[in-house]
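What follows is each chain in one-letter form.
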Protein chains: 2
Amino acid sequence: MKKFINTIDSLLEDSLKGFAKAHADIVELNQEPHFIKRAKLGSPGKVVLISGGGSGHEPLHSGFVGLGMLDAACPGQIFTSPTPDQMLAAAEAVDQGGGVLFIVKNYAGDVMNFEIAAEMLEIPNATVLVNDDVSLPKTHSIGRRGVAGTLIVEKMVGAAAEAGADLAACKALGDRINQSTASIGVALTSCTVPALGKPTFDLGDQEMEMGVGIHGEHGRETLPLANASEIVEHLARAIDEELKPQPGQSVLLHVNGFGATPLIELHLIYHLAAQYWEQRGVVIARSLVGNFTTSLDMAGASLTLTLLDEEMIRLWDAPVNTAALRWGA
Amino acid sequence: MKKFINTIDSLLEDSLKGFAKAHADIVELNQEPHFIKRAKLGSPGKVVLISGGGSGHEPLHSGFVGLGMLDAACPGQIFTSPTPDQMLAAAEAVDQGGGVLFIVKNYAGDVMNFEIAAEMLEIPNATVLVNDDVSLPKTHSIGRRGVAGTLIVEKMVGAAAEAGADLAACKALGDRINQSTASIGVALTSCTVPALGKPTFDLGDQEMEMGVGIHGEHGRETLPLANASEIVEHLARAIDEELKPQPGQSVLLHVNGFGATPLIELHLIYHLAAQYWEQRGVVIARSLVGNFTTSLDMAGASLTLTLLDEEMIRLWDAPVNTAALRWGA
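Small disclaimer: the values here were computed from a predicted structure and weren't measured.

Caption draft 1: Region of interest: the overall build of chain A. Regarding its fold elements, chain A presents 8 helices and 14 strands. Its C-alpha atoms give chain A principal-axis dimensions of about 50 × 50 × 40 Å. The 329 residues of chain A split such that 64% are buried. Across chain A, the centroid of the 23 positively charged side chains sits 4 Å from that of the 39 negatively charged ones.

Caption draft 2: Structural view of a nonpolar patch on the surface. A surface patch of nonpolar side chains, amounting to about 290 Å² of accessible area, comprises A:M112, A:I116 and A:M120. Take A:M120: it is sitting in helix α3 (residues 108–120).

Caption draft 3: Seen up close, the domain arrangement of chain A. Residues and elements named next belong to chain A. In terms of domain boundaries, chain A breaks down into domain 1 (8–180 + 316–323) and domain 2 (181–314). Counting residues at the interface gives 35 residues for domain 1 and 42 residues for domain 2. Taken together, both faces of the contact between domain 1 and domain 2 bury some 3100 Å²; the carbon and sulfur share is 60%. One can count 6 salt bridges joining domain 1 with domain 2.

Caption draft 4: Summary view of the relation of the copies chain B and chain A. Least-squares fitting of chain B to chain A yields an RMSD of 0.0 Å, with the superposition described by an axial translation of 0.0 Å and a rotation of 180°. This pairing of chains is accounted for by a two-fold axis. Among all C-alpha atoms of chain B, that of B:A260 lies closest to the rotation axis, at 2.0 Å. Of the interface residues in chain B, 100% have counterparts in chain A that sit at the interface too, so the contact is made through matching surfaces.

Caption draft 5: Up close: the nonpolar core. Counting residues in hydrophobic clusters, the biggest one holds 201 residues, and the most contacted among them are A:L101, A:W277, A:L303, B:L101, B:W277 and B:L303. Setting aside residues no more than four positions away along its own chain, B:L303 makes contact with B:A182, B:S183, B:I184, B:V232, B:L235, B:A236, B:I239, B:H254, B:V255, B:I269, B:A273 and B:W277. Ranked by size, the runner-up nonpolar core spans 20 residues in total, among them A:L88, A:A89, A:V104 and A:A117.

Caption draft 6: Geometry of the side chain of A:R38. All names here are of chain A. With respect to the helices and strands, the residue R38 is situated in strand β2 (residues 35–38). Exposure remark for R38: the relative accessible area of 3% places this residue in the buried category. Residue contacts for R38: discarding those within four places in its chain leaves I26, V27, K46, V65, G66, L67, G68, L70, D71 and E162.

Caption draft 7: The arrangement of the sheet that holds strand β9 (residues 221–224) of chain A in detail. Residue and element names in this part refer to chain A. Read across the sheet, 6 strands follow the order β9-β8-β7-β12-β10-β11 without closing on themselves; strand pairing throughout is mixed. Of all the strands in the sheet, just β9 and β11 (283–290) have a single pairing partner and so form its edges. Across the sheet, the mean angle from the axis of one strand to that of its neighbour is 20°, orientation sign disregarded. Strand direction decides the pairing type here: strand β10 (residues 250–257) and β11, joined by 7 bridges, are parallel.

Caption draft 8: Looking closely at the pattern of salt bridges. A full pass over the atoms with the stated rule returns 34 salt bridges over all chains. With a closest N to O distance of 2.9 Å, A:R145 and A:D133 form a salt bridge. Placement of the pair is A:R145 in the loop between β6 (125–130) and α4 (150–162) and A:D133 in the loop between β6 and α4, with a sequence separation of 12 residues. Two residues, B:D71 and B:R38, come together in a salt bridge whose shortest N-O distance is 3.3 Å. Taken together, the positions of B:D71 in the loop between β3 (48–55) and β4 (72–78) and B:R38 in strand β2 (residues 35–38) put the pair 33 residues apart, joining distant regions of the chain. Judged by relative accessible area, B:D71 falls into the buried class, the value being 0%.

Criteria and cut-off values
Just so you know, the residues in each chain are numbered from 1, in the order the chain's sequence is written. Labels are handed out in written order, letters beginning with A for the chains and numbers beginning with 1 for the ligands. Local features in this predicted model are restricted to residues of pLDDT 70 or higher, and side-chain atom pairs are both shown and tallied only at a pLDDT of 80 or more, whereas totals for entire chains, interfaces and linings draw on every residue. Side-chain measures were taken over the full set of non-hydrogen atoms in the model, leaving aside hydrogen atoms and water. Each helix is a run of DSSP H or I of at least 4 residues and each strand a run of E of at least 2, with the numbering of both proceeding from the N terminus. Buried residues are those whose accessible area, probed at 1.4 Å on protein chains only, stays under 20% of the maximum for their type, while exposed residues exceed 50% and partly exposed ones sit between those limits. Just so you know, the count uses Lys and Arg for positive and Asp and Glu for negative, and it drops His and the chain ends. For this purpose, a charge sits on NZ of Lys, CZ of Arg, CG of Asp or CD of Glu. Two distance rules govern patches: like charges are joined within 9 Å, and nonpolar side chains (Val, Leu, Ile, Met, Phe, Trp, Tyr) within 5 Å, applied only to residues with over 30% relative accessible area and no salt bridge. The Shrake-Rupley method, run with a 1.4 Å probe sphere, supplies the accessible areas, and residue values consider only the shown protein chains as cover. Every case where a carboxyl oxygen of Asp or Glu lies within 4 Å of a side-chain nitrogen of Lys or Arg is listed as a salt bridge. Domain delimitation follows an automatic or database domain assignment. Residue contacts are defined here by distance: any two heavy atoms, one from each residue, within 4.5 Å place the two residues in contact. Summed over both partners, buried area is the accessible surface (1.4 Å probe) that two parts give up on being assembled. Copy-to-copy alignment: least squares on C-alpha atoms, limited to residues at pLDDT 70 or above in both. As used here, the term nonpolar core means buried Ala, Val, Leu, Ile, Met, Phe, Trp, Tyr and Cys residues forming a set that is joined through side-chain atoms within 4.5 Å. Two strands qualify as a pair provided DSSP detects at least 2 bridges between them. An axis is simply a line fitted to the C-alpha atoms; with a helix, the fit covers only the stretch in contact. Between two such axes, the angle follows the N-to-C directions and lies from 0 to 180 degrees.

Rendered as structure tokens:
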């Protein structure tokens, strides 16, 4: 395993300290329990947004804490759920009297721990469950996973909360964005979890993992390595069959890298995916390309499409000031 | 070779199209010859900044085109210098009557082609040569390479040009920032250039390349793999011996990833590097952490330190609106 690391036990702690120090104008780190919160809290009465999950997906979620997006993020150990005491402490630290909205990716551990926190929390709260990964069928026993679409939920609901939407409205909006969003990813390599010290799964030199999860989980199927156009066609078709965007429909197209895929390749993927939908009359109204929802050092990428309406475009364009997404602020 | 690619010949062209489309609010792509320019040009009389170099270092330089930074960037093929016709066409396209400042990383091909363009260009122009890589001695036959410090020159001089500094002032400022800046990098793996199809250099499982260049050039020395603290100490000492920051000196600390190193590791490196200088009384006044000057899919990172004065801090903080750096705009 070749990584910049001292010990497996100290990696997350020291990395969080570095993150908080490098972005001290935007965030603060709370020790014991760990959470990242906005350096400047929102206005009194504002609904506060809290997300979290296993680490190793940076910049998700800590990089999305700040004006117009999350109020706090709770990082677990790598690929390990955070614990309810983190969410409770974060909620109490950032509460502005308008209630707490938890944004939770659909993984059993995350769901359970956020549920416990939601039940224990003495502040009105609601939860948006994100399950945008269409690589698994809707009827899958544990449901579909939450992947790169999560940041779109966080960005848009964050803007609504900043503008004064109440808890019920934020919850309804988050559910609506989740239902309008579909993602699927492909891996060219596995990631290497530090505590394991070797790649999570084996993949031959001429193979790729289609429909991969963001924790190195096996995907829908292992396929022979294909060229970029064939890969994008495969991914885009899976999303298109799910969301069925009609000609004239405005969409947000998000190309996400899993950590080790260069921008030159991500922009190629974006070019091909944009072509795919434009040929079908779909309007690419907004775009985001980069490594945002990563899986440590995995080479691979995902496509995410969100069907947009005017409100969602306005919320996407609203000012945001976080470590990883910043505009208009 | 596992990459998202159709053909080696079409990769750059299609990727540039994707980049320009994804960031159409900020940049435009010119075909034949290739350059990226600001979608909204600056004010009449403004000095325009043009950089460029081989592709494969994204977001450098195309991701730094926009308000408060570059006016145009000329991308060559991967790790290959752009040609003088690209710089000439870019200069004519973005000229605002205040002259042209070329910002050139010190590589023989880049230097030669920018010199030819500078001589042919019928617009007053000057050149800032960036050579911040302290892994080579000052007396090296071809001089020191330009690496991650380049973006700091581009950001600060871009802010000065936006505020109305004339060509001589921009040139002097760029030279001063370059002299105040030192970088050094380390690679854990080689990158794979698509046209070559295999790693550029061999590195054992227990080895690292210290003082590596951003094109997969061999570095200062191949050393046994060490832990993060030892690596950061090694890098920081090389920079510290060069710049000799005194206690109380304000600095910008930039931790740059080479493309395949996760943010969790880059933030650990930042934490350790900040500690190194703070223990010596140096003030980390500004910070930047991320994959900005990359080397395709190389795992590795570099440290860059810039000695700051009040003017440089003001220029760093000034609004910037590019694909890869964005604040205050």
